[in-house]
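# Architecture at a glance
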Amino acid sequence: MKIYRTTSGIVIDHDESFFLSKETDWDNFINRQNLFQKITQDLKDLKADNDLSEAIRRNLLAPVGSQEVWAAGVTYFRSREARMEEAKDAGGGDFYARVYDADRPELFFKATAHRTVGHGDVVRIRKDSKWNVPEPELTLFISSQGTIEGYTIGNDMSSRDIEGENPLYLPQAKSYNGSAAIGPCLYVPGSPIHPDTIIHLEILRKAEKIFSGDVAINRMKRKHRELAEYLFRETSFPHGVYLMTGTGIVPPDHFTLVVGDQIKISIDGIGTLVNTVGQ
C-alpha cells in the first residue's frame, strides 16, 4: 500500500481504493512497528472514498513530518568509481575505495524536514558550485525502534566539485536548503522490497531528455538492515528516520545540472518523484 501526506490529511491507497486516516499526526501514523499490519487493521474502520485521489493530485506534501533524513554513501561500485575520480586531484580517491570495502559504511546527515522538499517542488543547486548532479536513491523509512517499515524515493542532490576538492567538504556539498527531495508517497509493503526492483533516472532540459539511466537495487554492496543497524548504534530517532541508501546512477563527468532542468526518478512499485532545479 501507499501512504500520502496531503493538506487534506493522510491518504491510504490500498488496492486502488483510497481511504482517509482518522489519525491526523503524520509522525504518530508512520512511526509504528509492523506498520503494514497496523494500517491493514486501521482500514477495517474506514470507508473507501475515491475522490481522495484528487487530494493526492492537488494537495500533496513531502512524506516527512519531524523525521531527519540521513544518507549512505559509496554503496554501489559505480558510486565508488565516481567518487574516486572526482577526488583524485585532492588526494582523497583512496578514501572512497577503502570505505566501499570496509565493514563500517559511510553514513552522513543529509537534511532536516524543513530542508527537504516533495514531489513537484524545487530542488536547489548551490550558487558557489559549478558541478551538480542528482543522486536517485531508494530511501528507507526506519521506525524509532530501528525496524524498516517502508520505502520512498529520494534525490540526494550533490555538488561534486565541492566534495571533490576535499572530502571534508562533504557536509557543504550535500546538506543545504533544498538539497533533499523525497516522495511522492511512503510505500508500505507486506514484505521487504524485491531485490530486482529497478531505479530509473531521467533528466529533461527544455523538454528534451539529456540523460537517463537505471540500476537494480540488488547491485548494492550493503544490505538494508546492515545500514539501519549502523545508523541506530549510537543515535536515536524518536519519530523514526529516512535513510537514503546510495546511488548506482552517475551522469558523466561533463554533465552538470542547470536551473530549469527537470529530474524524474522512478522506482518500481513506488511511483515517480519529479522535481525542477532552482538556485
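The following paragraphs examine the structure supplied in this document. (Residues numbered from 1 in each chain as written. Predicted model: local features only at pLDDT ≥ 70, side-chain atom pairs only at ≥ 80, totals over all residues. Heavy atoms only, no water.)

## A few points about helix H2 (residues 35–43)
When we look at burial in H2, the residues that qualify are Leu35, Ile39 and Leu43. End-on view of H2: buried residues confined to an arc of 80°, all on one side of the axis. (Buried < 20%, exposed > 50% of the residue type's maximum accessible area, 1.4 Å probe, protein only. Helix = DSSP H or I, 4+ residues; strand = E, 2+ residues; numbered from the N terminus. Arc of directions from axis to C-beta.)

## Comments concerning the packing of aromatic side chains
Applying the stated criterion across every chain yields a total of 6 aromatic pairs. Here the aromatic rings of Phe211 and Phe255 are separated by 6.3 Å at their centres, their planes lie at 40°, and the arrangement is tilted. Of the two residues, Phe211 sits in strand S14 (residues 208–216) while Phe255 sits in the loop between strand S15 (241–244) and strand S16 (262–267), which places them 44 residues apart along the sequence. Across the pair, exposure class does not vary: Phe211 and Phe255 are buried alike. Here the aromatic residues Trp70, Phe109, Phe232 and Phe237 are joined through ring pairs into a cluster of three or more. Above the ring of Phe29, the side-chain terminus of Arg32 is found at 4.9 Å from the ring centroid. Positioned above the aromatic ring of Tyr230, the side-chain terminus of Arg233 is 3.9 Å from the ring centre. (Phe/Tyr/Trp six-rings, centres within 6.5 Å; stacked < 30°, edge-to-face > 60°. Lys NZ or Arg CZ within 6 Å of the ring centre and 35° of its normal.)

## Overview of the environment of Pro134
By the element assignment, Pro134 lies in the loop between strand S8 (132–133) and strand S9 (136–142). Under the relative-accessibility criterion, Pro134 is labelled buried at 0%. In sequence terms Pro134 and Ala180 are 46 residues apart; their C-alpha atoms lie 9.5 Å from each other. If we ignore the near neighbours within four places in the chain, the residues touching Pro134 are Asn155, Asp156, Met157, Leu201, Ile203, Leu257 and Ile263. (Contact = heavy atoms within 4.5 Å.)

## Overview of the sheet that holds strand S7 (residues 122–124)
With respect to topology, 5 strands assemble into an open sheet ordered S7-S17-S16-S13-S14, the strand pairing being mixed. Looking at which strands have only one partner, the edges of the open sheet turn out to be S7 and S14. For this sheet the average axis-to-axis angle between neighbouring strands, irrespective of direction, equals 25°. (Pairing = 2+ DSSP bridges. Axes fitted to C-alpha atoms, helices over the stretch in contact; angles between N-to-C directions.)

## A look at unusual backbone geometry
A cis geometry characterises the amide bond from Gly183 onward to Pro184, with omega recorded as 0°. With respect to the helices, strands and loops of the structure, Pro184 is situated in strand S12 (residues 180–187). Of note, Asn34 is a non-glycine position whose phi angle comes to about 55°, a positive value. Inspection of the secondary structure puts Asn34 in the loop between helix H1 (26–30) and H2. Looking at Asn34, the relative accessible area reads 48%, which means it is partly exposed. Even without being a glycine, Lys206 presents a positive backbone phi close to 55°. Tracing the backbone shows Lys206 in the loop between strand S13 (198–205) and S14. Under the relative-accessibility criterion, Lys206 is labelled exposed at 79%.

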